[in-house]
Amino acid sequence: MTSTISLEDDVNMLQKYVEYFPDFPKPGILYKDILSLLSHSDGIKLLEKILKQISDQLRGKVDCIAMLETRGFIFAPILALHLNVPCIPVSKKGNLPGPVIELSYILEYGEDILTVQSNSIIKGQKIFIVDDFLATGGTLEAASKLIKKAGGEIVQGLVLMEKLELEGRKRLNFPMISLMSE
């Protein structure tokens, strides 16, 4: 008899690679470091397996992957390779060369500007957006507006972890996959 491990089982196993840091970045906060999985080859292999399973579900539904600076840059290319589609970097102002399209947005602590290279999105492209963490949803919301401004259409998104109590998902007008939540 063959046993099958589901996506949910793999995600549960991935959680063992998350490290916890009390009182970081300030007292009273328990920081869950999802990047700690990168210091374990088994963790990287497991994440790659999970992203392959997700890419199998996306096949034929997306034209490219938008990756949010900087941690989205780590995970998005794995999906892109499995889907045989390009990656589009979405970055802070001043970090991308050539002509860019900009969008300013308000954060909890001020204002910032996201950019995408003006030649990176073809009008009507179906885009899957990737970041590492969903908290208040401000950055993902701004990135989706920027992609729409550039002519793309967000069909779905992925984060490795979501902080549910902040309800950032409510700001987004596209479905999200969260591998882990807190």
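Residues numbered from 1 in each chain as written. Predicted model: local features only at pLDDT ≥ 70, side-chain atom pairs only at ≥ 80, totals over all residues. Heavy atoms only, no water.

(A) How the structure looks around the overall build of the protein. When helices and strands are counted, the protein shows four helices and nine strands. Scanning the protein from its N terminus toward the C terminus, one meets helices and strands in the order α-β-β-α-β-α-β-β-β-β-α-β-β. Relative to the 2.2 N^0.38 estimate, which gives 16 Å for 182 residues, the radius of gyration of the protein is 17 Å and therefore close to what a compact globule would have. By residue count, 43% of the 182 residues in the protein fall in the buried class. Partitioning the intrachain contacts of the protein with sequence separation of at least 6 by distance along the chain shows that 58% fall at a separation of at least 24. (Helix = DSSP H or I, 4+ residues; strand = E, 2+ residues; numbered from the N terminus. Rg over C-alpha atoms; globule rule 2.2 N^0.38 Å. Buried < 20%, exposed > 50% of the residue type's maximum accessible area, 1.4 Å probe, protein only. Contact = heavy atoms within 4.5 Å.)

(B) Examining the nonpolar core more closely. Membership of the largest hydrophobic core comes to 29 residues, with the highest contact counts inside it found for I54, I65, F128, L158 and L179. Looking at this core, the elements that each hand over two or more residues are α1 (7-14), α2 (41-58), β3 (64-68), α3 (72-83), β7 (126-134), β8 (153-162) and β9 (176-181). Each residue touching I65, except ones within four places of it in the same chain, is listed here: A76, L79, A80, L83, V85, P86, C87, I88, F128 and V130. Counting 26 residues, the second largest nonpolar core, distinct from the first, contains I121, A143, I154 and M176. (Core = buried A, V, L, I, M, F, W, Y, C linked by side-chain atoms within 4.5 Å.)

(C) The arrangement of the confidence of the model for the protein in detail. In this model, the protein carries a mean pLDDT of 94, and residues with pLDDT of at least 70 account for 98%. Put simply, strand β2 (residues 30-33) is where the protein has its lowest mean pLDDT, 88, and β3 is where it has its highest, 98. (pLDDT = per-residue confidence, 0-100.)

(D) The arrangement of the pairing of β3 in detail. Taking burial as the measure, the five residues of β3 include five buried ones, the bulk of the element. The two faces of β3 match: C64, A66 and L68 on one face and I65 and M67 on the other face are all buried. Note that β3 and β7 share four bridges and pair parallel. Within β7, the position partnered with A66 by the bridge is I129. Running through α3, the crossover from β3 to the neighbouring parallel element strand β4 (residues 87-92) is right-handed. (Pairing = 2+ DSSP bridges. Right-handed = clockwise from strand over helix to strand, strands pointing away.)

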